[in-house]
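# Working through the structure, step by step
These are the residues of each chain, in order.
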Amino acid sequence: MAEIRASGTWGSALTSDEFAAIRSVGFEPAGQVLGACVYNIGYTGGYNCPGSWGAWGYGGGAMPVRTTTQVSSRAGYGSYAPLVQAMYEARHKALDRMTAECEELNGHGVVGVRLTIGAFPAGGLEFKAIGTAVRAPGVTSDLSGQDFAKLIMKGWVPAGLALGISIGSRHDDWLTVGQTRWGSGNAEVTGYTELVNDARHDARQQLERDVARLGGEGVVIADMQLRVRERECPVQEGRRDHIVEVTTIGTAIARFSDAEQRHSGPTLAIMSLDPQRRQAARIRI
């Protein structure tokens, strides 16, 4: 970082259009920055069936008629709370290291942040954050250069990158099994509906808490992902559980100006270059 700063040159993860948009609102890039964190995922939680404890007690062998959905924030029996906590910690460490590189380049914030997660060759998961440091106080955002410029021109400023993560789990009870059989016809599978709705709602609540922590008044959502998988029930042989993972990433924003910035240049008249449109306009006149 010191060598890059001393060289007088900089690189960025911006496209040419994003660079032009950033410069149009008075900001300049300071350089490309990166933060990474490799985590060994050991204890994840979720080893027990989310339906066995509430209906039949620990290790019950019978299959409940109806179970409830467990989401990670409740930290209930069979939930994935430890895994979600590790995912938060890893992402925040990657973001903190990216921010530290920004500070070494004398930048004030980072725009165009891209968060990725992938398998590490030696084992574990690599969480990576990459973006472009800019000289503008208090900016960390996953918005593109164009969107960042639009936000500034409308009187809003990014307050930080906000995350909402939730993992929901549900045992396939008798009601769910019955509703998914071929002979049940076209009907809602209420257990699956509850699972995806509860997981999405929980992720949205975690996102709202993160926005409040950053001092934002709202959030611009950049990415929402929902993954569904199934596993063999760890308690009841031959039965299945379903797991839903929801990740929401956005930019917390706060208003810094009540009035939108007005364009001070002259109004431009625009004439269509399409001869058919010009002919149609003359006919109407």
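Look above for the structure.
Just so you know, these numbers come straight off a predicted model, no measurement behind them.

Listed as buried for helix H2 (residues 16-24) are Glu18, Ala21 and Ile22. Each buried residue of H2 lies within a common arc of 100° when the element is viewed along its axis, so the set occupies one face. Turned more than 90 degrees off the buried face of H2, the exposed positions are Ser16, Asp17 and Ser24. Residues of H2 that are buried in the fold lie against strand E3 (109-119), strand E4 (125-134) and helix H5 (145-153). Looking one or two residues past H2, Gly26 carries a phi angle of roughly 90°, positive in sign.

What follows covers the packing of aromatic side chains. For the coordinates displayed, the defined rule picks out 1 aromatic pair. Ring centres 6.5 Å apart and planes at 85° place the aromatic pair Tyr39 and Phe127 in the edge-to-face group. Taken together, the positions of Tyr39 in strand E1 (residues 29-39) and Phe127 in strand E4 put the pair 88 residues apart, joining distant regions of the chain. Taken individually, Tyr39 and Phe127 each receive the classification buried, so the pair is uniform in this respect. Stacked on the ring of Trp174, the Lys or Arg Arg239 has its end atom at 4.5 Å from the ring centre.

To continue, consider a nonpolar patch on the surface. Among the surface-exposed residues, Val219, Ile221 and Met224 lie close enough to one another that they form a single nonpolar patch of about 260 Å² accessible area. By the secondary structure assignment, Ile221 is in strand E7 (residues 218-232).

Our focus in this paragraph is the pattern of salt bridges. Close approach of charged atoms lets side chains of opposite charge pair. All chains considered together, the criterion is met by 7 salt bridges. Across the salt bridge formed by Arg135 and Glu28, the nearest N and O atoms sit 3.3 Å from each other. Here Arg135, found in the loop between E4 and strand E5 (139-140), pairs with Glu28, found in the loop between H2 and E1; they are 107 residues apart in sequence, far enough to count as distant. Between Arg227 and Glu245 there is a salt bridge, and its shortest N-O distance comes to 3.7 Å. With Arg227 in strand E7 and Glu245 in strand E8 (residues 240-255), this residue pair connects regions lying 18 residues apart in the sequence. When salt bridges that share partners are traced, they join Arg170, Asp173 and Glu194 into one network.

In this structure, Val33, Met98, Val113 and Ile167 are the most contacted members of the largest nonpolar core, which totals 27 residues. Looking at this core, the elements that each hand over two or more residues are E1, helix H4 (81-104), E3, E4, strand E6 (156-171) and E8. In terms of residue count, the dominant contributor to this core is H4 (10 residues). Leaving out residues up to four positions away in the same chain, Val113 has contacts with Leu95, Met98, Ala129, Ile130, Gly131, Ser141, Asp142 and Leu161. Listed in part, the 14 residues of the second largest apolar core include Ile22, Leu143, Trp156 and Ile253.

Definitions and cut-offs
- Residues numbered from 1 in each chain as written.
- Predicted model: local features only at pLDDT ≥ 70, side-chain atom pairs only at ≥ 80, totals over all residues.
- Heavy atoms only, no water.
- Buried < 20%, exposed > 50% of the residue type's maximum accessible area, 1.4 Å probe, protein only.
- Helix = DSSP H or I, 4+ residues; strand = E, 2+ residues; numbered from the N terminus.
- Arc of directions from axis to C-beta.
- Contact = heavy atoms within 4.5 Å.
- Phe/Tyr/Trp six-rings, centres within 6.5 Å; stacked < 30°, edge-to-face > 60°.
- Lys NZ or Arg CZ within 6 Å of the ring centre and 35° of its normal.
- Patch = residues over 30% accessible without salt bridge, like charges linked within 9 Å, V, L, I, M, F, W, Y side chains within 5 Å.
- Areas by Shrake-Rupley, 256 points an atom, 1.4 Å probe, with all protein chains shown as cover.
- Salt bridge = Lys/Arg side-chain N within 4 Å of Asp/Glu carboxyl O.
- Core = buried A, V, L, I, M, F, W, Y, C linked by side-chain atoms within 4.5 Å.

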